[in-house]
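# Topology and contacts: notes
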Amino acid sequence: MAEFSDEPTIPKPALRALPDPGRPPIEADVAKGGTVRRMNLNESPIQPSPKAIAAMQDACARVNRYPDPQWRALTGAISDATGIPQHRIVMGNGSDEAIVSAGRLAVSPGDEVVVPMPSFPSYNNAAALNGGTLVPVPLKADGSNDVDALVAACTSRTRLVFAASPNNPTGNILTSEEVARLAVGVPDTALLVLDEAYYEFGIHAGGEDHLRVMESRNGPWAVFRTFSKAYGLAGIRVGYILAGSDEIANAFQKVRSVFNVNAVAQAGALAAWHDTAHRDMLLEKTRIERERLVAGLRELGAEPFPTVANFVTAKMDRPAAGIVSALLERGVMIGRLMHPGYGNYIRVTVGSPDDTDAFLAALKEVLAG
C-alpha cells in the first residue's frame, strides 16, 4: 500500500505561503451615515462617456450570445491608434489578468522576478504563485523606477522584469531614455513588462510614448494598459497587452481563458476609446484636482511625491495606519503604503472638487487631534 505524507498538498505550497489577501473597504464597510468619500482605489469620480454607457446598454440585449473571443473590433481600433499589429494585441480582464498571465508564461520554480519596490502588489504574486523568487529593487528618491538598479538586479535566472510608468503607488514617470536603457539592459532571456496602467495621465502631463523605444528591444517585451483609469471604466474590467512579437502574443493567448472579456465590456470599451473628447476632459479635471490635493497636503506639512497620475502619495509626520483609520471614521476612505520603510505614507485618489475639500478638512482635523 502506498504511503502518503501528512503534509497538505492542496492548495499548493506556493499558495499556502502567501499572506491572506487584504480587501479594500467599500462604502458598505464604513459605519457612518451620510456621504462617503471613496478615495482609496484610484478610480475616476467622473462617469464614463455617455456613448460608452449607451453602447453597454445596447449590448445587454445580446448577452445570450458569447462575446467575440478575439475582441476584433476593439483590437482593430487599438491597432489603428498604436501601430501595433492587431494580432499582437491581447485583451484581458483588466491589467490584473495580464500580470497574472506574465507570471504563468515566463516563470518556473527557481526563476527570479525583478520588480520595483514599492509598486503594484500583483507583481509579487506573479512570482510567488509560479515558484519564482522576488527580487525587489528600491525606487529612486522621486518615486520613479530606478532603471539602472533594475538592470543591475538581473541575473542568469531572471525570467521576468516589471517596470511601471507612472509608478503605482508613487505616480512618477520614466523618460524614453530610461526605457531605452531598460530595453537594452534587461537580458534577452527575460520578459520585460512595462506597466502603463496610467499611461494617458502621463501623456497628458507631457510624458513620452515609449512604444517605439520598446520596439527597439531584441528580447521579449510587452506593454500593459487599461480602460479602468482614464476612461472611467474600472467596473467593467478591460485591459490590454501590446506584445513585442508574435511569439509573445501567442503565449499570452495560450494562458488566458477563452471568453475573458464579456460582450458588454467590449462594447463599452470600444465606444469609450472613440470618445477622445470625454477622455481628455477627464484627464484635465483630474490634473486640476491633483494639483489642489498636492498643494493642500503641503500646507498641512505633508511631503507628496511628484505625480502625474490620478492619485497622490505623501509622507506624513506619523504612522499612516492611524490617519487612514481616523479618516475612515469620518467617512473618507484613503489608502496607505504597506511596504517596509513606508509606514508613514498615505495614498489619496484624486476625486471631485467636493472630495478634495472634504479630505483636506478631515485630514486637518485628524492631524490636529
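Not measured: the values here are computed from a predicted model. (Residues numbered from 1 in each chain as written. Predicted model: local features only at pLDDT ≥ 70, side-chain atom pairs only at ≥ 80, totals over all residues. Heavy atoms only, no water.)

So, on to the UniProt feature "domain: Aminotransferase class I/classII large" (unreviewed entry) in the chain. With numbering aligned to this structure, UniProt lists the feature "domain: Aminotransferase class I/classII large" (unreviewed entry) at residues 41-363. Segment residues 41-363 splits into 41% helix and 17% strand. End C-alpha atoms: 18 Å apart. (UniProt positions renumbered as here; feature names shortened; annotations may be inferred. Helix = DSSP H or I, 4+ residues; strand = E, 2+ residues; numbered from the N terminus.)

This next bit is on the pattern of salt bridges. Tallied over the entire structure, the rule returns 19 salt bridges. With its nearest N and O atoms 2.8 Å apart, the salt bridge here joins Arg72 to Asp68. With a closest N to O distance of 2.6 Å, Glu365 and Arg330 form a salt bridge. Highlighted residues: Glu365 in helix H14 (residues 353-368) and Arg330 in the loop between helix H13 (320-329) and strand S11 (332-333), separated in sequence by 35 residues. Bridged by salt links that share partners, the residues Asp148, Glu177 and Arg181 form one connected network. (Salt bridge = Lys/Arg side-chain N within 4 Å of Asp/Glu carboxyl O.)

Our focus in this paragraph is the packing of helix H2 (residues 50-59) against helix H11 (residues 263-274). At a minimum axis separation of 8 Å, H2 and H11 run at an interaxial angle of 155 degrees. Between H2 and H11, the angle is such that the two are roughly antiparallel. Crossing angle aside, the handedness with which H2 passes H11 is right-handed. Each of Lys51, Ala52, Ala55, Met56 and Ala59 in H2 lies in contact with H11, whose residues at this interface are Ala263, Val264, Ala267, Gly268, Ala271 and Ala272. Residues of the contact of H2 with H11, tallied by class, amount to nine nonpolar, one polar and one charged. (Axes fitted to C-alpha atoms, helices over the stretch in contact; angles between N-to-C directions. Parallel < 35°, antiparallel > 145°, perpendicular 65-115°, else oblique. Left-handed = near helix turned anticlockwise from the far one by under 90°. Contact = heavy atoms within 4.5 Å. Nonpolar A, V, L, I, M, F, W, Y, C, P; charged D, E, K, R; others polar.)

UniProt tags Lys229 as "modified residue: N6-(pyridoxal phosphate)lysine" (unreviewed entry). According to the relative accessible area criterion, Lys229 is buried, its value standing at 14%. (Buried < 20%, exposed > 50% of the residue type's maximum accessible area, 1.4 Å probe, protein only.)

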